[in-house]
Amino acid sequence: HTTVENNTQLHYEKADWKAVLSYVSRDQESNTRTAKKVAGKYVPDNVTASRTSTDDASLGFDVQKKWQLGKDISLLGFNYQQDTCANEETISRNDFERDMVALYGQYNRALDDKANLIFSARETWATDSAANTADKEFNKFTPEVEYIRRLDKTTSFYTKAAQSFMMPTFTQ
């Protein structure tokens, strides 16, 4: 089994703007030899071989803008990610592609010098494509509310209520 992975990121930050451009690729290959059973015993000369190769890549872009509103902070952002996967087995090949777009925002309300109430929301849209199949579309709204109380310089207490969302795998 072999795996080759490459990760690249470019970060930009100036004043209240942040952006990240990223690229990740992973190539995996495995070769398997399996002896077959005949009458309950393995026969060394009766072997099947298989090869699996998976090449996947992810290209992403995220940009966000922050506003300072007195003691409060507001943030808006945009995220794009494209995932591709080429999976080749000895007898078949499956190619997958997914495009994801998200808009997100956050409002951090300072209640006093030691406490904050944070409201966040994200809307995610995605389209999955597999070779020879119809596209699948997903979208999910994920809100979040969080309360943080600083007890001293090194200790904080927080509570959070949130809805999460995990993209299905390419084969789900």
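No experiment lies behind these values; they were computed from the predicted model shown.

J.: Help me understand the pattern of salt bridges, please; the structure alone is not making it clear to me.
T.: Opposite charge on two side chains makes pairing possible when the charged atoms of those side chains draw close. Counted under the stated rule, the structure contains seven salt bridges. Notably, a salt bridge pairs R26 with E5, separated by 3.2 Å at the nearest N-O pair. Here R26, found in strand β2 (residues 17-38), pairs with E5, found in strand β1 (residues 2-14); they are 21 residues apart in sequence, far enough to count as distant. Relative accessible area serves as the criterion here: at 28%, R26 is assigned to the partly exposed category. Here the salt bridges do not stand alone but share partners, grouping E5, R26 and D56 into one network.

J.: Teacher, can you tell me more about a nonpolar patch on the surface here?
T.: Together, L10, L21, Y23, L59, F61, F78, L103 and W125 make up an exposed nonpolar region whose accessible area comes to about 720 Å². Elements with a contribution of two residues or more to the nonpolar patch: β2 and β3 (41-69). Structurally, F61 can be placed in strand β3. Using a relative accessible area of 35% as the deciding quantity, one classes F61 as partly exposed.

J.: Would you mind showing me how to read the pairing of β2 here?
T.: Every other side chain in a regular strand lies on the same face of the sheet, so the side chains alternate between the two faces. Across 13 bridges, β1 lies against β2 in antiparallel orientation. Looking at β2, one finds that Q9 is bridged to S22. Where β1 hands over to β2, the hairpin turn is made up of two residues, of which A15 adopts a positive phi near 55 degrees.

J.: Which parts of the structure should I look at to understand the side chain of Q64?
T.: One can find Q64 in strand β3. Looking at Q64, its side chain comes within polar contact range of the side chain of Y104, at 3.0 Å. The contact partners of Q64, leaving out residues within four places of it in the chain, are D16, W17, K18, L75, L76, G77 and Y104.

Criteria and thresholds
- Residues numbered from 1 in each chain as written.
- Predicted model: local features only at pLDDT ≥ 70, side-chain atom pairs only at ≥ 80, totals over all residues.
- Heavy atoms only, no water.
- Salt bridge = Lys/Arg side-chain N within 4 Å of Asp/Glu carboxyl O.
- Helix = DSSP H or I, 4+ residues; strand = E, 2+ residues; numbered from the N terminus.
- Buried < 20%, exposed > 50% of the residue type's maximum accessible area, 1.4 Å probe, protein only.
- Patch = residues over 30% accessible without salt bridge, like charges linked within 9 Å, V, L, I, M, F, W, Y side chains within 5 Å.
- Areas by Shrake-Rupley, 256 points an atom, 1.4 Å probe, with all protein chains shown as cover.
- Pairing = 2+ DSSP bridges.
- Polar contact = N/O pair within 3.5 Å; in protein donor to acceptor, adjacent residues only side chain to side chain.
- Contact = heavy atoms within 4.5 Å.

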